[in-house]
Amino acid sequence: MAILVTGGAGYIGSHTCVELLQAGEDIVLLDNFSNAKPQVVNRIKELSGRDFPLYAVDILHREGLEKIFAREDIEAVIHFAGLKAVGESVKIPLDYYQNNVSGTINLCQVMARAGCKKIVFSSSATVYGNSTDVPFREDSPLSTTNPYGSTKRMVEDILRDLCASDPEWSACLLRYFNPIGAHKSGLLGEDPNGIPNNLLPYIAKVAVGQLERLNVFGNDYDTPDGTGVRDYLHVVDLAIGHLKALDYVRTHKGAEAINLGTGRGYSVLEVVKAFEKASGVTIPYRIAPRRPGDIATCYADPSKAKKLLGWEAARSLEEMCADAWNFTRRQQSGESQ
Ligand code: NAD
Ligand code: UD1
């Protein structure tokens, strides 16, 4: 039997596919390539030394999904497919609700009809909203401040209701903190189109000279150096968390929300320093106004992941920066094209 990975050609999905294949799992990869390059699929094959079926299908396309479940023997789904840009979600909310919420409903309906009732879902620390009560625990109050966050919260509710309605379902709602870094090989990583919104891809573009300098959004937060603090985790640690979550849905029923973070926060300036050390490149920056909607500090209480999944993040900030730099340099020199 195989694991269907939706959004498997994306940033987190591609790293997870490699880990699944290397662990001996069979996979079926689904992606509509709205935010991924088709050559990523070849890199997954190259890195794992394994082949697998690929479906260029949209989760909104029910017949396409039905065909996959008719042809393939799917045991469980790891569901990454979705739109993820917070700012864009404010501008085109209907696209976000349709893609992330309707798409997931579609997927679950097809899964239920096929008798496949195990799902690992990509939720986000964004469901904790602008609460200041860190570290965030799974039972902390939830709130959202933008349509993207609302889609994650809605899908969590939908999966909880689904599990309550039918005791055969099991769902792991993984709340990721801030994934960064890249595969050691430099063949997989995060390569957003246009000017990046997130810190690490922005720093990486400054390092290779594509952007002039980093704007540090605020240095007057109530944090040790005044800049925002986040819980950055290596994307490979995150990928491994999905293998643990897969084991969990195989052996448990019901819905469970679980944080995936390191439990340690780093400030923007600490990340800049770590990146400079890893790359040997100076990152010019200036202090800019706070970004609307940002909170001062966000980090996980990761103890539930350790207790239920036996998972802990293992890779350091230095390793995250070194791997991100290696990937960016290879992209820049055309080696990964
Ligand atoms: P990504 O954009 O790199 O990957 C998502 C993949 O899904 C892309 O390959 C895209 O082409 C595909 N996709 C989108 N809509 C689709 C559809 N309708 N049908 C089929 N494929 C579709 O993003 P990522 O960073 O790998 O994130 C994966 C998941 O994790 C997303 O659901 C995201 O919201 C969530 N998440 C990401 C972060 C983060 O910081 N990267 C944090 C928390 C949660
Ligand atoms: C972003 C998302 C959030 C998502 C999270 C994890 C936004 C508004 N929020 O938040 O929904 O859950 O990623 O994927 O996109 N920073 C700068 N300069 C920059 C970019 C960022 O100073 O050019 C600072 C930010 O103010 C923040 C930190 O760096 O303090 C991290 O920012 P970012 O990478 O965007 O992640 P989040 O703010 O956690």
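These numbers were taken from a predicted model, which means no experiment stands behind them.

Parameters and conventions
Residues numbered from 1 in each chain as written. Chains lettered and ligands numbered in written order. Predicted model: local features only at pLDDT ≥ 70, side-chain atom pairs only at ≥ 80, totals over all residues. Heavy atoms only, no water. Helix = DSSP H or I, 4+ residues; strand = E, 2+ residues; numbered from the N terminus. Contact = heavy atoms within 4.5 Å. Buried < 20%, exposed > 50% of the residue type's maximum accessible area, 1.4 Å probe, protein only. Arc of directions from axis to C-beta. Near = heavy atom within 4 Å. Polar contact = N/O pair within 3.5 Å; in protein donor to acceptor, adjacent residues only side chain to side chain. Nonpolar A, V, L, I, M, F, W, Y, C, P; charged D, E, K, R; others polar.

(A) Fine view of the environment of E19. Along the polypeptide, E19 turns up in helix α1 (residues 11–22). Taking C-alpha positions, E19 is 6.8 Å from A239, a pair spaced 220 residues apart along the chain. Beyond its immediate sequence surroundings of up to four residues, E19 is in contact with V236, A239, I240 and L243.

(B) Main features of helix α3 (residues 62–71). Those residues of α3 not exposed but buried are G64, L65, I68 and F69. Buried residues of α3, seen end-on, are gathered within an arc of 135° and therefore sit on one face of the element. Turned more than 90 degrees off the buried face of α3, the exposed positions are E63, K67, A70 and R71. Where α3 is buried, its residues touch β1 (2–6), β2 (26–30), β3 (54–55), β4 (74–79) and α5 (93–114).

(C) Fine view of unusual backbone geometry. Following V134, the chain continues into P135 via a peptide bond in cis, with omega recorded as -5°. Looking at the secondary structure, you find P135 in the loop between β5 (118–124) and α6 (147–165). The backbone phi angle of F33 is positive, close to 60°, even though this residue is not glycine.

(D) Spotlight on the site of ligand 2. In the region of ligand 2, 19 residues are neighbours, and N215, F217, R230, R291 and D294 sit closest. Measuring from an oxygen atom of ligand 2, one finds a side-chain N or O atom of R291 at 2.8 Å. In the environment of ligand 2, an oxygen atom lies 2.6 Å from a nitrogen or oxygen atom belonging to the side chain of D294. For the shell around ligand 2, the secondary-structure elements that each account for two or more residues are α7 (199–207) and β8 (214–217). With four residues, β8 is the largest single contributor of residues to the shell around ligand 2. Looking at the shell around ligand 2, its residues break down into nine nonpolar, seven polar and three charged.

Don't take any of this as a statement about function, it's just geometry.
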